[in-house]
Amino acid sequence: MIRDEYYPLQLIKMAESLKDYEEDFENPEKKPRRNKYAFACAILASMTSILLGYDIGVMSGAALYIQRDLKVSDVQIEILNGIINLYSPVGSFIAGRTSDWIGRRYTIVLAGAIFFVGAILMGFSPNYAFLMFGRFFAGVGIGFAFLIAPVYTSEISPSSSRGFLTSLPEVFLNGGILIGYISNYGFSKLALRLGWRLMLGVGAIPSILIGVAVLAMPESPRWLVAKGRLGEAKRVLYKISESEEEARLRLADIKDTAGIPQDCDDDVVLVSKQTHGHGVWRELFLHPTPAVRHIFIASLGIHFFAQATGIDAVVLYSPRIFEKAGIKSDNYRLLATVAVGFVKTVSILVATFFLDRAGRRVLLLCSVSGLILSLLTLGLSLTVVDHSQTTLNWAVGLSIAAVLSYVATFSIGSGPITWVYSSEIFPLRLRAQGVAIGAAVNRVTSGVIAMTFLSLQNAITIGGAFFLFAGVAAVAWIFHYTLLPETRGKTLEEIEKSFGNFCRKPKAEEGLDDNVEIQLKTRDQTLTSVD
């Protein structure tokens, strides 16, 4: 017989959850629908990722024509491609503080404005130096967008669909890459001096549209509560939650995090725990709790490995990879690159529908396993082509298939989950700065890969470069398996409890704390054993 002193709180929670489950089963009309308003807000915020995606995609082809027109070296092209990723952390760090000052929504507007300036400068560049100047502004604008889109989306999303909605920035990033590839193919038919400038300058158009569209979005409720604007936060929560009960629970969690008493219902309150970033760096670096230390390491690691496995080398230099594989025509290389963008975009769309079903951890591990296999295949096929005196059609086909497989497996897991995971694991007081640091690691690693790939392939051959990336992916798999607990189905305020032990909790233990579905299964098993 089960005594009352055994897990009394868990039994109460189980009973309440079972009651709610039975009521929903008996009254299916009461079950909440997906919140269309939250979905629309997430789409608008996520569209900022188009800016980065377009720049990555368009530079892969534009670099070919820039090199021919401006007569620059491979090293200068490497710097041109990668430098924007070293500029963007500047934008991310500024955006972390700015988003706490002026709010998430106006920070998105500012991101679009800065990128607009960069796109115009690049489109009118008369020489290499001026082009680099324009890329500074574009990089800072991308840094703003890179930070704020996943932060805003994670804070606006209901927990049941947070994975899907927070993955939308990666969806639009891939869409931007595809548009950039198509722009390459279309403008490549124009005169040399005009074509690449139009490729880069057209990027100003989406930045204008995004800057205007986001003005229709509400502010993040978590930011509003942090500012003491409780009345506004309530109204936003009732709009973006899937039920009134969920809105009340989310408000209670946010009030607890912000240090506001639960019985306080004033529209405007004085908040003692302001999130301007004061003390954040001390808590992250000098005196972190075990949970915060674990979260910080997890965020840095997932961002580092997302880029260190070579995604930007494949996306930025796919025309050169296809040339090494044996495709000599510019037209065919650009068409093959469009195929890469298409596969990448379709794959990310598939991933969004499984993030809240399969979970982050399973998809991530499967994705990295696919990366290892694809990179080994690509390295092998390119090595065979490189040592062959004649064109081997099977090796050319295998190289193309390996590239498509690589971008597909990356987009199914590692790409979207990196941003979903890192934006949801930080507690509110650390979120903006924590995500900013993760974004900086992501961009710096990406910049290093982009700025060294051509030199790396010259030093150890192009096949050797991809064998190296495969080794990094194997280390990434071990890191993810060891240090990243599952976060699916948990509120942002509950996730922190999953960290701190540097090892994954057993599923039953996780369920007792956080997951209602597992609680119900545990209850049924307990009752069965008693009978």
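Per chain, residues are indexed from 1 in the order of the written sequence. Per-residue local features are limited, in this predicted model, to residues with pLDDT of at least 70; the limit for side-chain atom pairs, both in listing and counting, is 80 or more; totals at the level of whole chains, interfaces and linings are taken over all residues. Only heavy atoms go into the side-chain values, all of them from the structure, while hydrogens and water stay out.

*Asks:* What is the right way to look at the nonpolar core in this model?
*Replies:* Across soluble globular proteins, nonpolar side chains have a tendency to be buried as a group. Put simply, a nonpolar core is a bunch of buried Ala, Val, Leu, Ile, Met, Phe, Trp, Tyr and Cys residues held in one set by side-chain atoms that sit within 4.5 Å of each other. Relative accessible area decides the class of each residue, using a 1.4 Å probe on protein chains only: under 20% of the type maximum gives buried, over 50% gives exposed, and in between gives partly exposed. Counting 136 residues, the largest nonpolar core has I66, W196, L200, F453 and F466 as the members making the most contacts within it. Top contributing element to this core by residue count: helix α6 (residues 128–156), with 14 residues. All the domain ranges listed were derived from an automatic or database domain assignment. Residues from two domains meet in this core; each of domain 1 (36–270) and domain 2 (279–500) gives at least three. Here L200 is in contact with V58, M59, A62, I66, A119, M122 and L131, once residues within four sequence places are set aside. For helices the rule is a DSSP run of H or I covering at least 4 residues; for strands it is a run of E covering at least 2, with both sets numbered from the N terminus onward. Residues are treated as being in contact if the distance between any of their heavy atoms lies within 4.5 Å.

*Asks:* I'm lost on the pattern of salt bridges in this one. Help?
*Replies:* Two side chains carrying opposite charge are able to pair once their charged atoms lie near each other. Any carboxyl oxygen of Asp or Glu that lies within 4 Å of a side-chain nitrogen of Lys or Arg is treated as forming a salt bridge with it. Under the definition given, this model contains 12 salt bridges. The partner of E245 in a salt bridge is R248, with the nearest N and O atoms 2.8 Å apart. Placement of both E245 and R248 in helix α13 (residues 244–258) is noted, with a separation of 3 residues, approximately one turn of the helix. Given the relative accessible area of 41%, E245 is considered partly exposed. What emerges from the salt-bridge pattern is a single network uniting D69, R193 and R197.

*Asks:* I keep staring at the side chain of Q67 and nothing clicks. Help me out?
*Replies:* As for its placement among the helices and strands, Q67 is situated in helix α3 (residues 49–70). Pairs of N or O atoms within 3.5 Å make up the polar contacts considered here, provided that, within protein, one atom can donate a hydrogen while the other can accept it, and that residues adjacent in sequence are counted only when both atoms are side-chain atoms. In terms of polar contacts, Q67 uses its side chain to reach the side chain of D74, at 2.9 Å. Once you skip the residues sitting within four places of it in the chain, Q67 turns out to touch V72, S73, D74, I77 and R320.

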